[in-house]
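As a plain string of letters, each chain reads:
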Amino acid sequence: MTQENTPTRSLDGLLKPCGRRFEVDLSRWLVEPSTPAALAAAMRYCTEGGKRLRPSLVYLAAEASCAAGRAPEEMVGRCAVAVELIHCYSLVHDDLPAMDDDALRRGRATAHVKFGEAMAILTGDALLTRAFGLLGGAGLCAGRLVDELAAAAGGAALIAGQVADMNLCPTAEGIEGLQDIHRRKTASLISASTVLGAICGGAADTIVQALRTYGQVLGLAFQVVDDILDVTGSAGELGKTPGKDSRQAKRTAVTELGMEGAVELADSLARQAAAALAPLGARGADLALLADLLTRRTN
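A. Structural view of the pattern of salt bridges. If you walk through the whole model with that rule in mind, you get 19 salt bridges. The closest approach of N and O atoms between Glu32 and Arg130, which form a salt bridge, is 3.9 Å. Residue Glu32 is found in the loop between helix 1 (11-29) and helix 2 (37-46), and its partner Arg130 is found in helix 6 (residues 117-136); the two are separated by 98 residues along the sequence. Residue Arg130 is classed as buried on the basis of its relative accessible area of 15%. The partner of Arg108 in a salt bridge is Glu48, and the shortest N-O contact between them spans 2.8 Å. Highlighted residues: Arg108 in strand 2 (residues 108-109) and Glu48 in the loop between helix 2 and helix 3 (53-65), separated in sequence by 60 residues. Its relative accessible area of 26% is what places Arg108 among the partly exposed residues. By relative accessible area, Glu48 is classed as partly exposed at 39%.

B. Fine view of the side chain of Glu148. Along the chain, the position of Glu148 falls in helix 7 (residues 142-153). Overall, the relative accessible area of 18% leaves Glu148 in the buried class. Those residues within four positions of Glu148 in sequence are excluded, and the remaining contacts are Ala192, Val195, Leu196, Ile199 and Arg212.

C. Layout of the side chain of Arg78. Looking at the secondary structure, you find Arg78 in helix 4 (residues 73-94). Judged by relative accessible area, which is 14%, Arg78 ranks as buried. Residues contacting Arg78, with those up to four places away along its chain left out, are Trp29, Gly133, Leu134, Leu135, Gly137 and Ala138.

D. Highlighting helix 3. The end-to-end C-alpha distance of helix 3, which contains 13 residues, comes to 18 Å, matching closely the 18 Å that a straight helix rising 1.5 Å per residue would cover. Of all 13 residues making up helix 3, twelve are buried, and the element is well covered by its neighbours. Of all the positions in helix 3, only Leu53, Arg54, Pro55, Ser56, Leu57, Val58, Tyr59, Leu60, Ala61, Ala62, Ala64 and Ser65 are classed as buried. For helix 3, the secondary structure elements touched by its buried residues are helix 1, helix 4, helix 9 (174-200), helix 10 (205-232) and helix 14 (285-295).

E. Focus on unusual backbone geometry. Phi is positive for Ser34, which is not a glycine, with a value near 75°. For Ser34, the location among the structural elements is in the loop between helix 1 and helix 2. Owing to a relative accessible area of 78%, Ser34 belongs among the exposed residues under this scheme. Here Arg52, not a glycine, exhibits a phi torsion of approximately 60°, which is positive. Here Arg52 falls in the buried class, since its relative accessible area comes to 5%.

F. Representation of the packing of helix 9 against helix 13 (residues 253-276) within the structure. The N-to-C vectors of helix 9 and helix 13 enclose an angle of 65°; their axes lie 12 Å apart at closest approach. Of the possible angle classes, the one that applies to helix 9 and helix 13 is roughly perpendicular. Pair helix 9 / helix 13 crosses with right-handed handedness. Between helix 9 and helix 13, the residues in contact are Gly174, Ile175, Leu178 and Gln179 and Ala253, Glu256, Leu257, Leu265 and Leu269, respectively. Residues of the contact of helix 9 with helix 13, tallied by class, amount to six nonpolar, two polar and one charged.

Calculation criteria
Going along each chain's sequence as written, the residues are numbered from 1 onward. In view of the model being predicted, local features appear only for residues whose pLDDT reaches at least 70, and side-chain atom pairs are presented and counted only at 80 or more, with totals across whole chains, interfaces and linings using the full set of residues. Side-chain descriptors were evaluated using all non-hydrogen atoms of the structure, hydrogens and water having been removed beforehand. By definition, a salt bridge exists where a carboxyl oxygen of Asp or Glu is found within 4 Å of a side-chain nitrogen of Lys or Arg. Strands are runs of DSSP state E lasting at least two residues, helices are runs of H or I lasting at least four, and both sets are numbered from the N terminus onward. Remark: exposure states derive from per-residue accessible area (1.4 Å probe, protein chains only) relative to the maximum for the residue type, with buried under 20%, exposed over 50%, and partly exposed in between. Whether two residues are in contact is decided by their heavy atoms: any pair within 4.5 Å suffices. Expected helix span is taken as 1.5 Å per residue step, with the number of steps being one fewer than the number of residues. An axis is simply a line fitted to the C-alpha atoms; with a helix, the fit covers only the stretch in contact. Between two such axes, the angle follows the N-to-C directions and lies from 0 to 180 degrees. An angle below 35 degrees is read as roughly parallel, one above 145 as roughly antiparallel, one from 65 to 115 as roughly perpendicular, and any other as oblique. By convention, the crossing between two helices is left-handed when the near helix turns anticlockwise from the far helix through less than a right angle, and right-handed when the turn is clockwise. Amino acid classes used here: Ala, Val, Leu, Ile, Met, Phe, Trp, Tyr, Cys and Pro are nonpolar; Asp, Glu, Lys and Arg are charged; the rest, including Gly, are polar.

Below, the structure written as C-alpha cells:
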C-alpha cells in the first residue's frame, strides 16, 4: 500500500489501507451461494474485527515482491481472504470449551457463546474449507498456493502447535521448546501470508525465501508480544480475556524469561525480521516498519 510521506507512521496507519481492501475482498468471497442463512451469519460474525495482520502481510508482500507492475489483484485478494479464514477458524476452535474455553474474543462473545457449541464447530469447519476453495480458483499458481497454506495450517504446523500448547504431546523444556510451539502455532501462518504474497507477485526464489524468513521471525516476535500483553493488558485493550495463560499454567515467554527478558527477545526478533528483508532493498521498507511497530503495540 502506498502511504503518504510522514515523519512517523503508526501501526494503524500502516494496516488501515490494507484493512479497507480486505473488507471488499472478504465481502466478495466469504459466503458461497446457497449457504444456510444461520451459518452465513455465524461465518460473518466470526470474521469481523481483528487487526487483519495476515491479509495485510499478503498485500504488502505482493507489492514488495512485484518488481514491475502490480500483482494480479484477484489472486492476491483470494490469498488474503484464505489466510484470514484459516486464522479465524483456528480462533473459533481454540475458544471452544474443550480447548481454551474462552468467552471473549475481539471484544465480544466467542462463537460458541453466541451461537452454541455445535454451530461454532461447524462455522470453523466452513471457514477452513472455504479457504482452500478460494485458493483452488487462483489460476495457474493455485496448486502452489494450496500447498503452502495447507502446510502452514496442518498437522506439522498450526495444529501441531495447538497440540503442544495444550500439553497433548511431549515438548522440549526452556525457551527453545516454547519457541518451537510458537513457530508452529503462530509463525507458520504469518510466514505463509508473506510467502503467498510473494508467489502472487511472481517473486524470484531469493525473495520468496527472504519473505518466508521474515514471516517466521515476525511470527515469533508477535507471539512474544502477545505473551507480554497477556500480563500487562486489560480486556478493553486486548478484546480478549487477559491473564488467561497464567490461570491455565501455560508456558509463555514471560514465564520462561521474565518480563525484561521477554521484552528484549521481542525487540531482537523484530530486528532480525527487518534484517531478513535486505534482498528487497527499499521495497521492503513497509514490512520492516511493520516489524518494529508490532513490538510496540498495546493490543
